[in-house]
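A look at the structure
Given next are the chains, with one letter for each unit.
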Amino acid sequence: MQDSAVIPATTTYRMTSLAWALAVHSATETLRGEAGVDLPGYSPGPEVALLAGLDEPTRAGIAGELYTAGIMDAAGNIQRQWLRALGQAATAPIRVSLVSRSDGLSTHCRVDLFEGRGIAVEFTRPVATAADGKVAAVGLAGVVTVTLFSEAVLWPVLARSMPPFPELTAGGGGPDASAEESGPVPGRDGAKTTLSAADVAALAGGGAAGVPPGVATAVAAAKATVYLEVQSRAAGTVSPNRAAGVWALSDVLYSVRTAGPATARRLIMVETASGDIARQLIWHVLGAHDSLARGTSAEPAS
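Residues numbered from 1 in each chain as written. Predicted model: local features only at pLDDT ≥ 70, side-chain atom pairs only at ≥ 80, totals over all residues. Heavy atoms only, no water.

1. Some thoughts on the side chain of Glu229
Take Glu229: it is sitting in strand β9 (residues 224-232). Of the polar contacts made by the side chain of Glu229, one reaches the side chain of Tyr227; its length is 2.7 Å. Side chain to side chain, Glu229 and Gln231 meet in a polar contact 2.6 Å long. Residues contacting Glu229, with those up to four places away along its chain left out, are Arg95, Val96, Ser97, Arg242, Ala243 and Ala244. (Helix = DSSP H or I, 4+ residues; strand = E, 2+ residues; numbered from the N terminus. Polar contact = N/O pair within 3.5 Å; in protein donor to acceptor, adjacent residues only side chain to side chain. Contact = heavy atoms within 4.5 Å.)

Below, the structure is given as structure tokens:
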């Protein structure tokens, strides 16, 4: 179904994950058949395999979702404007990925930016954390949210996908905090705590001496964690530029960084102000546009 746009300059659709998988699969097949064009940005997920095993009445019901949303026509064909949008998104020069986890749920929001516009695909699925700290999905996403938007509202679209903690969703205002205010100043690093691998292992096991309580909670039992990555690929290049960041929230927001060789990796927990995720997103997307304007990427094509 199509939702009324809460964020200006957006149009949002919510549908089952199977309906969205059918839309992408149908668009891929149509473009391949018409012009020999693949959608390299889309890879078949588990939903596509499920689609293959459905009977015709069930598949027709799923197609009906797409018809109601205006994505398919009555004959089961993808509408031309959606073919064009999905084709542009699959080859978009800038891609933003944001993964946020909280309370046993992992929300993924992928954004493709092209020609001042974007398409965001968001889904949430349950996850479980093993004793060694590894996180794995324990179920499929039931619902997918697809948003068409102007790049000017990129941050509100991404912020909507995160857990509703103001430290995560605040916008990226300038460094306007006064010296008398407590906590880190926006845009500047706050207090840093460096943890060895042994410290991190001890925290996972119940505690480590000398580690500030807020840092200990952020490492071992954060309220929420966020991973952000921005990729850009100039035309005629092989490998994309990548910029990424990780945050963990306990009593305050921490930017999580690493240092040292792989054999002696250290974790650096840096206090950051609310809005740091938005600021980093803006910075990295501006950098991606600059890189594309200069026609550079991580690796030239051979």
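Here the narrative resumes, following the displayed structure.
2. Here's the deal with the pattern of salt bridges
Applying the stated criterion to the full structure yields six salt bridges. Here Glu115 makes a salt bridge to Arg117, at a shortest N to O gap of 3.2 Å. Residue classification places Glu115 among the exposed residues on the basis of a relative accessible area of 66%. Here Arg117 falls in the partly exposed class, since its relative accessible area comes to 38%. Between Glu229 and Arg242 there is a salt bridge, and its shortest N-O distance comes to 4.0 Å. Of the two residues, Glu229 sits in strand β9 while Arg242 sits in strand β11 (residues 241-249), which places them 13 residues apart along the sequence. Given a relative accessible area of 13%, Glu229 falls into the buried group. The class for Arg242 is exposed, based on a relative accessible area of 55%. (Salt bridge = Lys/Arg side-chain N within 4 Å of Asp/Glu carboxyl O. Buried < 20%, exposed > 50% of the residue type's maximum accessible area, 1.4 Å probe, protein only.)

3. Structural notes on unusual backbone geometry
One non-glycine residue, Asp103, lies in positive phi territory at about 55°. Mapped onto the elements of the fold, Asp103 is located in the loop between β3 (94-102) and β4 (105-114). Judged by its relative accessible area of 75%, Asp103 is exposed. A positive phi angle, close to 55°, is found at Glu115, a residue other than glycine.

4. Looking at the environment of Glu151
Structurally, the position occupied by Glu151 is in the loop between β7 (143-150) and α5 (154-159). For the pair formed by Glu151 and Arg117, sequence separation is 34 residues and the distance between their alpha carbons is 5.0 Å. With near-sequence residues (within four places) excluded, Glu151 lies in contact with Leu113, Gly116, Arg117, Val285 and His289.

5. A short note on the nonpolar core
If you look at the biggest cluster of nonpolar residues, it comprises 29 residues, and the most contacted ones within it are Val96, Val111, Leu158 and Leu281. Counting only elements with at least two residues in this core, the list comes to β3, β4, α5, β9, β11 and α9 (276-293). Those residues in contact with Val111, other than ones at most four positions away along the chain, are Ile94, Arg95, Val96, Ile119, Ala120, Phe149, Leu154 and Leu158. Formed by 27 residues, the second largest nonpolar core is a distinct cluster that contains Met15, Ile62, Ala69 and Ala89. (Core = buried A, V, L, I, M, F, W, Y, C linked by side-chain atoms within 4.5 Å.)

6. Looking at the environment of Ala52
As for its position among the elements, Ala52 is in helix α2 (residues 46-52). Separated by 30 residues in sequence, Ala52 and Leu22 have C-alpha atoms that sit 9.9 Å apart.

7. Some points on the packing of aromatic side chains
Counted under the stated rule, the structure contains two aromatic pairs. With 5.3 Å between their ring centres and 75° between their planes, Tyr13 and Trp82 make a pair best called edge-to-face. In this pair, Tyr13 is assigned in strand β2 (residues 10-16) and Trp82 in helix α4 (residues 80-90), connecting sequence segments 69 residues apart. As far as the burial class goes, Tyr13 and Trp82 line up, both buried. Both rings, one in Trp20 and one in Trp82, keep their centres 6.3 Å apart while their planes meet at 75°; by these two values the pair is edge-to-face. Pair noted here: Trp20 is in helix α1 (residues 17-35) and Trp82 is in helix α4, with a separation of 62 residues, a long-range link. Under the relative-accessibility criterion, Trp20 is labelled buried at 8%. Put simply, the rings of Tyr13, Trp20 and Trp82 pair up and form one aromatic cluster. (Phe/Tyr/Trp six-rings, centres within 6.5 Å; stacked < 30°, edge-to-face > 60°.)

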